[in-house]
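Residue-level structure breakdown
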Amino acid sequence: MTTPFSIECIQGDIARQDGFDAVVNAANAELQIGGGVAGAIHRTAGPGLAEECRPLAPIHPGQAVITSAHQLPNRYVIHCLGPIYGIDEPADTLLADCYRHAIEVAERHEITTLAFPSLSTGAFGYPMAEAARIALSTVMKARDNARHLQHVRFVLFDKRSAELHQKTLTTLENHG
Ligand code: AR6
């Protein structure tokens, strides 16, 4: 039986998602500490995360790999490398691949609750509105095949991005 998991959009910090099985990292190819999401996740997780990541790197745009979450309040971290806007092409497909692959990895690990940041919209420069549409529509499509996932949360750093995601989700749910 499949579970049509719920989706919500909130303002918050991806490194503080207590109670979620897994959080997604907006990683760099080397899977090491960076700025933004990768900074927050690695700082909170502690050095063991970078250590566990080392043999899994490098990853390519659109790929997702999983590790344990170390000192984060979760069981797993799923690391995705988003496309650098204007460089990695086709950007829309590669961005959708990240969300699709993250959900596939989550399903393989029987993860029930998963939190995403807005991949590629910081240092990698992807315009937020377009990225939100791709992210949400890709995750909505994955609902049909999900067996374990029950809830997916989008965690946006600022109020404006959270409102944009919520509005995009409502539009997609009403009009497809
Ligand atoms: N929680 C939730 N969202 C956040 C947080 C946080 N703690 N911090 C930033 N954001 P980015 P990218 C938002 O740059 O564009 C890194 O240095 C941020 O406002 O983290 O995929 C890596 O090492 C933005 O909307 O990821 C890579 O080299 C979004 O999260 C590169 O940057 C993503 O911003 C990845 O770039």
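Before going into details, it helps to say that this report is about the structure given with it. (Residues numbered from 1 in each chain as written. Predicted model: local features only at pLDDT ≥ 70, side-chain atom pairs only at ≥ 80, totals over all residues. Heavy atoms only, no water.)

1. Describing helix H3 (residues 91-108)
Helical geometry note: an α-helix holds 3.6 residues per turn, so side chains three or four residues apart project in the same direction. The end-to-end C-alpha separation of H3 is 26 Å, in line with the 26 Å expected for 18 residues at 1.5 Å each. In this fold, the buried residues of H3 make contact with strand E2 (22-26), strand E3 (64-68), strand E4 (76-80), strand E5 (113-116), helix H4 (128-142) and strand E6 (151-156). (Helix = DSSP H or I, 4+ residues; strand = E, 2+ residues; numbered from the N terminus. Expected span 1.5 Å × (residues − 1). Contact = heavy atoms within 4.5 Å.)

2. Examining the packing of aromatic side chains
Using the criterion set out here, one finds four aromatic pairs in the structure. Where tyrosine 99 meets phenylalanine 116, the ring centres are 4.9 Å apart and the plane angle is 50°; that geometry is what we call tilted. In this pair, tyrosine 99 is assigned in helix H3 and phenylalanine 116 in strand E5, connecting sequence segments 17 residues apart. Looking at phenylalanine 116, the relative accessible area reads 0%, which means it is buried. Here the aromatic rings of phenylalanine 116 and phenylalanine 154 are separated by 5.6 Å at their centres, their planes lie at 25°, and the arrangement is stacked. Note that phenylalanine 116 is positioned in strand E5 and phenylalanine 154 in strand E6, a separation of 38 residues in sequence. Exposure remark for phenylalanine 154: the relative accessible area of 0% places this residue in the buried category. Among the aromatic residues, those joined into a cluster by ring pairs are Tyr99, Phe116 and Phe154. (Phe/Tyr/Trp six-rings, centres within 6.5 Å; stacked < 30°, edge-to-face > 60°. Buried < 20%, exposed > 50% of the residue type's maximum accessible area, 1.4 Å probe, protein only.)

Nothing here speaks to function; it is all geometry.
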